[in-house]
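Residue-level listing of the chains:
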Amino acid sequence: MIKKVDHGFSYYLLKPLHTSSVLNIILYHGWGSNASKYLEYASSLTDCGYSVIIPELIYHDSRNPLLNPFSQQNMESYFWKVIFQSIDECHQWLNRSNIVKKNTVVAGVSMGGFIASGVYATAELKGLANINGSGSFICSERFFRQASKRDPLTNSEEARFRMYDPINYVHGDGSILLIHGEQDQIISIKCQEDYYSYLTNKEKKVHMKRYKHVGHEFTTSMQTDFLNWLEFQAAR
């Protein structure tokens, strides 16, 4: 495992020890977590022969982390800033790096699923795995605002969201996996379903797996389904 910094884009890179990697995975963590917490899980992916890239996100990790990320004020002020800037940073890095996009998938858990979907929507990558996140940004923000009894999006705010919302982009022809717990009270499955509906209408190669009695967690069965999907991508 090594840590790299490229024009301000910092990330951990983990590679298989004894085999050449057949697939690159860009893996994004959730709100209030950090890249180092994903190292153990990433190591299990390298054991399967994959290279894993875990970006450090603004207001997390070593990048000016928030003292209390789960305060309502901080979540309302910074959640989307992290998502939008992380999407921009990944696109810039992909364009200047020598990574082979056709051998690269982007994945994310919770907030990381938002970021991964935003990256995939306009990058020609091999695939996307969105785990307990959302690829329908305006839908999700409306749910967030209703839950906290905030005012609806203004026209200017909605225009900003549309710049990043995956639902406004055609997407590539790679494989898409959407994973979500039906009892998730943090990120509503309704907006993941909205994203799924959009993708199916666009005739994309998308599969959505719903998990009964599962909340906002990355369960063992979810991990198994994700690994099976990765194996399929590596074989294509």
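For the structure given in this document, a descriptive report is provided here.

Across its full length, the chain holds seven helices and eight strands. Compactness check: the chain gives a C-alpha radius of gyration of 17 Å against a globular reference of 18 Å for 236 residues, within 12% of the reference. In terms of its C-alpha atoms, the chain occupies a principal-axis envelope of roughly 55 × 40 × 35 Å. Taking all 236 residues of the chain together, 56% fall into the buried category. Relative to all contacts within the chain whose residues are 6 or more apart in sequence, the contacts with residues 24 or more apart total 71%.

Another aspect to go through is the side chain of glutamine 233. In this structure, glutamine 233 sits in helix 7 (residues 220–235). The exposure class assigned to glutamine 233 is buried, which follows from its relative accessible area of 0%. Sequence-distant contacts of glutamine 233, defined by excluding residues within four places in its chain, comprise Leu23, Val105, Lys126 and Ser175.

The full count for this structure, using the stated rule, is one disulfide. One disulfide bridge connects cysteine 139 with cysteine 191, the sulfur atoms lying 2.2 Å from each other. Note on the cysteine 139 and cysteine 191 pair: the S-S dihedral is about -80°, so by sign convention the disulfide is left-handed. Residue cysteine 139 is located in helix 4 (residues 137–147), and its partner cysteine 191 is located in helix 6 (residues 189–201); the two are separated by 52 residues in the primary sequence. Judged by relative accessible area, cysteine 139 falls into the buried class, the value being 16%.

Moving on, we get to the packing of helix 2 (residues 72–96) against helix 3 (residues 111–121). Between two packed helices, the angle of one axis relative to the other and the distance separating the axes together describe the packing. Between helix 2 and helix 3, the shortest axis-to-axis distance is 9 Å and the interhelical angle comes to 40°. Comparing their axes, helix 3 and helix 2 come out oblique. Here the hand of the crossing between helix 2 and helix 3 comes out right-handed. Seen from helix 2, the contacting residues are Phe79, Trp80, Val82, Ile83, Ser86, Ile87, Cys90, His91 and Leu94; seen from helix 3, they are Met111, Phe114, Ile115, Gly118 and Val119.

Before going further, it helps to spend a moment on the pattern of salt bridges. Applying the stated criterion to the full structure yields 12 salt bridges. Among the ionic pairs, aspartate 6 bridges to arginine 96, the shortest N-O distance being 3.1 Å. Of this pair, aspartate 6 sits in strand 1 (residues 2–6) while arginine 96 sits in helix 2, and the two are 90 residues apart along the sequence. Classification of arginine 96 as partly exposed rests on a relative accessible area of 34%.

What follows is about the pairing of strand 3 (residues 23–28). Of all six residues making up strand 3, six are buried, and the element is well covered by its neighbours. Every second residue of strand 3 is oriented toward a common face, with Leu23, Ile25 and Leu27 on one face and Asn24, Ile26 and Tyr28 on the other, all of them buried. Here strand 3 runs beside strand 4 (residues 50–55); their pairing, made up of four bridges, is parallel. In the strand pairing of strand 4, isoleucine 25 is matched with valine 52. You can see the chain leave strand 3, run along helix 1 (residues 39–46) and come back into strand 4, and the turn it takes is right-handed. Of the pairings in the sheet, the one linking strand 3 to strand 5 (residues 104–109) comprises five bridges and is parallel in character. The residue of strand 5 that forms the bridge with isoleucine 25 is valine 105.

The rules behind the values
- Residues numbered from 1 in each chain as written.
- Predicted model: local features only at pLDDT ≥ 70, side-chain atom pairs only at ≥ 80, totals over all residues.
- Heavy atoms only, no water.
- Helix = DSSP H or I, 4+ residues; strand = E, 2+ residues; numbered from the N terminus.
- Rg over C-alpha atoms; globule rule 2.2 N^0.38 Å.
- Buried < 20%, exposed > 50% of the residue type's maximum accessible area, 1.4 Å probe, protein only.
- Contact = heavy atoms within 4.5 Å.
- Disulfide = S-S within 2.5 Å.
- Axes fitted to C-alpha atoms, helices over the stretch in contact; angles between N-to-C directions.
- Parallel < 35°, antiparallel > 145°, perpendicular 65-115°, else oblique.
- Left-handed = near helix turned anticlockwise from the far one by under 90°.
- Salt bridge = Lys/Arg side-chain N within 4 Å of Asp/Glu carboxyl O.
- Pairing = 2+ DSSP bridges.
- Right-handed = clockwise from strand over helix to strand, strands pointing away.

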